[in-house]
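Fold and contact review
This is what each chain is made of:
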Amino acid sequence: MEALIQALTNLWKEWQLRGLVLLSLIFQTILIVVGNRRKYSNQFLLRFAVWVAYLAAENVATMALGIISKGPGDASDNGELDANIELHVLWAPFLLLHLGGPDTITAYSLEDNELWLRHLLELALQTGVAFYTFIMAWRGSHLSVLSSLMVFVGLSKYVERTWVLRSASSEQIKGSMIAHPDLTSNINPNLLKEYDVKREEGHNVIPNRVIDIQLPIEALAASEENSISETNQLLKAYGLLQIFKGIFVNLLLNSRDRDTSLAIFQNLSFEKAFQVVEMELAFMYDLLYTKASVVYSCWGLILRCINLSLTCIVLVLFSLADDKHKYKKADLVITFLLLVVAIALDIYAALVILFSDWTFVWLSLHRRTSILKTITCIQLFKNPRWSNSMAQNNLLSFALREKPMIYDPMLSEVKPHLCHRVLKFFKFLDVVEKLEKERYVTKEVIPDSLKQCIFKHLKEKRKVQATVHDTIDVGRQKYAVEIHGHGELKWSMEKGFDERVLIWHIATDICYCLEESREADQAIQSKREMSILLSRYMLHLLVNYPSMLPAGVGDIIIEDTCTEVKNFCTPDKPKNKIDACNRLVNAATGTELLGERYRARKSMLSSGYSLAKTLNEIPNKEEKWSLIADTWVEMLAHAATHCEGSQHRQQLRRGGQLLTHVWLLMAHLGLTDHFQIPQPRDITRLTAK
């Protein structure tokens, strides 16, 4: 037994550093390959893998760097250093390189950007450890020279990451957007001289104020929308982002910014409008979560060329060295692996840069048309800019637990065992509940008909606002139920927003089930599908992301409503959701009334089926579904304007949200409260009498 323990101890001492270095290399490969896919994928497993790799990569590299730093202290009395320890010192710069992270991900969440000072402290500490190790191991050999070259590569990457984290913090974004106007910039330099001359000539000089009205820039929207190429769309998106990225950190814009945006979007179709917004948000994701702010700069490109060249030089010189026999074979393999993988990842990163939207924008701005056409022809890959999907959640499915968690049968079978306690522990940490919510979420591609309906609604809202100077009056417009001539439904729109969502979700689900087996023409079918998609999407936000919606008591009313659904179905458990819908349909049509004993204090079930009953009494089906669809679009727009910019920034790393796209589109149309009261520019003019 002692021999086995000793063997395992020796094995651990020999392979702990190697294992950590290899593990760090694996994590870096995962991050650079899949780190950027969060922009267009909302898969839970992908986000979980990136989260694990992101957190573990830094800790593993730090541990390995600490182990390497102890090596030079083992030097013999005559000053000679073990050859393998000297080779291990060469690994230290690679760990700095790993701590610098790949270009495709610098921050997992917004909090990482806000804590850039913590990363700066870590940079100082880890760099100090690396330099201590490098100096203590310096022997003037060729390996020491190669290590010095790689120290520059690793340190530049690490400093670059810290700088990017600082640049992506909310305070820095605000600082970059807030202009510091020169109060004398609008004054004619000859104005004062002219004033003095006129006074000396005996004229009575009176300064007057001239108001300069800023008109929309029509030139930006002069071309026909059908002739606008994707590159021109990218240029528009890039230009607009320079103005509108301030609203992500709750800054106010001026009226000229609004007029500029309106001049562009008023002449776009819904496809082009959503495409421009999609491009803007993709650029914003890159600025917040990747090294885009540095990578696509002149110095960033130069630094990458230098680092790649130095790594290749180190690989060649190390390969040509004739004293490699001094090192252990495993250490040699790991060293070559570090060098080759570093070069391969740099080449992959270069390809990502080459085929990115940022490159197309840069080439277009600098009129490199031939290069742009060449890259377009040989483009090897093109990733989506966002998921283009909307999550769906159904109250009945969630309340009836149609998909029971695996721990339920396991708890009944393994109660005496340790597994039972482990599962109970995870349930106590709410891990099980979060996974359970995730299992009831489905994804649906956003249809073009829904985008068209949203864009049409927003443009009509803009026309109404154009006649009102006070933007506060926009919120006093009539509800969709009133516009459609059904004022008796106004009660459902005067409740809290979370209650409104639940009531209309229940009513929409009941109406959808009633007509599920009936044939309908294409127009009605399109409205039905849009209604149910928005209904389940808004419920998903209420259940999983309530912070994106106006404040309320969503958790309480959801729990009480689910309890009432369970109690309603308890006497005779329904076979499935369709059976449960039929029972609610019967309650809505009055053949089976819900008793008072089923009604919870905050439940919205009775209000939901009452609304469904009223909606089903509308004889014209097209009118009914148009009313329901318009009401959901109205609530979507209302939720978008009441969601803070920080929440929208956070959702970019989860594949994006339709709500975020609607919010930015509304901002471009001047429908949000991000604009200051228009203040005309003053120009001084002298009048001599």
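Values in this document were obtained by computation on a predicted structure and should not be read as measured data. (Residues numbered from 1 in each chain as written. Predicted model: local features only at pLDDT ≥ 70, side-chain atom pairs only at ≥ 80, totals over all residues. Heavy atoms only, no water.)

Attention now moves to the environment of lysine 373. Of note, lysine 373 is situated in helix H16 (residues 369–377). Assessed through its relative accessible area of 56%, lysine 373 is described here as exposed. Each C-alpha atom of the pair lysine 373 and leucine 363 lies 10.0 Å from the other, and the pair is 10 residues apart in sequence. (Helix = DSSP H or I, 4+ residues; strand = E, 2+ residues; numbered from the N terminus. Buried < 20%, exposed > 50% of the residue type's maximum accessible area, 1.4 Å probe, protein only.)

Glancing now at the packing of aromatic side chains. Tallying each qualifying case throughout the model produces 12 aromatic pairs. Between tyrosine 238 and phenylalanine 283, the aromatic rings sit 6.0 Å apart at their centres with planes inclined by 80°, giving edge-to-face as the arrangement. In this pair, tyrosine 238 is assigned in helix H9 (residues 230–244) and phenylalanine 283 in helix H11 (residues 270–289), connecting sequence segments 45 residues apart. An aromatic cluster is present here, built from Tyr238, Phe283, Tyr296 and Trp358 joined pairwise through their rings. Of note, arginine 166 hangs over the ring of tryptophan 116, and the distance from its end group to the ring centre comes to 5.6 Å. The ring of tyrosine 512 carries arginine 536 above its face, with NZ or CZ at 5.9 Å from the centroid. (Phe/Tyr/Trp six-rings, centres within 6.5 Å; stacked < 30°, edge-to-face > 60°. Lys NZ or Arg CZ within 6 Å of the ring centre and 35° of its normal.)

This part is about the pattern of salt bridges. For the structure on display, the rule yields 16 salt bridges. Lysine 39 is paired through a salt bridge with aspartate 286; the nearest N and O atoms lie 3.3 Å apart. Taken together, the positions of lysine 39 in the loop between helix H1 (2–34) and helix H2 (44–69) and aspartate 286 in helix H11 put the pair 247 residues apart, joining distant regions of the chain. Take lysine 39: its relative accessible area is 12%, and that puts it in the buried class. For aspartate 286, a relative accessible area of 9% corresponds to the buried category. Through salt bridges with shared partners, one network takes in Asp103, Lys157, Glu160, Lys291 and Arg304. (Salt bridge = Lys/Arg side-chain N within 4 Å of Asp/Glu carboxyl O.)

Within the chain, asparagine 250 stands out as a residue other than glycine whose phi angle is a positive 65°. Examined against the element boundaries, asparagine 250 turns out to sit in the loop between H9 and helix H10 (255–265). The exposure class assigned to asparagine 250 is partly exposed, which follows from its relative accessible area of 49%. Its identity is not glycine, yet asparagine 388 carries a phi of approximately 55°, on the positive side. Mapped onto the elements of the fold, asparagine 388 is located in the loop between H16 and strand S2 (389–392).

Together, Met1, Leu4, Ile5, Leu8, Leu11 and Trp15 give the surface a local cluster of nonpolar side chains, amounting to about 660 Å² of exposed area. Relative to the elements of secondary structure, methionine 1 occurs in the segment before H1. Taking relative accessible area as the criterion, methionine 1 reaches 75% and is therefore assigned exposed. (Patch = residues over 30% accessible without salt bridge, like charges linked within 9 Å, V, L, I, M, F, W, Y side chains within 5 Å. Areas by Shrake-Rupley, 256 points an atom, 1.4 Å probe, with all protein chains shown as cover.)

Turning our eyes to something else, we now look at the pairing of S2. Neither face of S2 is open: one carries Ser389 and Ala391, the other Met390 and Gln392, and all of them are buried. Sheet analysis places S2 next to strand S3 (residues 442–445), joined by 4 bridges and oriented antiparallel. When the sheet's bridge partners are listed, methionine 390 is paired in S3 with glutamate 444. (Pairing = 2+ DSSP bridges.)

Within the secondary structure, methionine 493 sits in the loop between helix H22 (480–483) and helix H23 (497–514). Sequence separation of methionine 493 and threonine 631 is 138 residues, and the distance between their C-alpha atoms is 9.1 Å. Once residues within four sequence positions are removed from consideration, methionine 493 is found in contact with Tyr479, Val481, Arg500, Trp504, Thr631, Glu634 and Met635. (Contact = heavy atoms within 4.5 Å.)

The biggest cluster of nonpolar side chains holds 113 residues, and the ones touching the most others in it are Phe265, Trp504, Met538, Leu615 and Leu658. At 12 residues, H11 tops the list of elements feeding residues into this core. Counting residues in each nonpolar core, the second largest holds 51 residues, with Val21, Leu95, Met150 and Val153 among its members. (Core = buried A, V, L, I, M, F, W, Y, C linked by side-chain atoms within 4.5 Å.)

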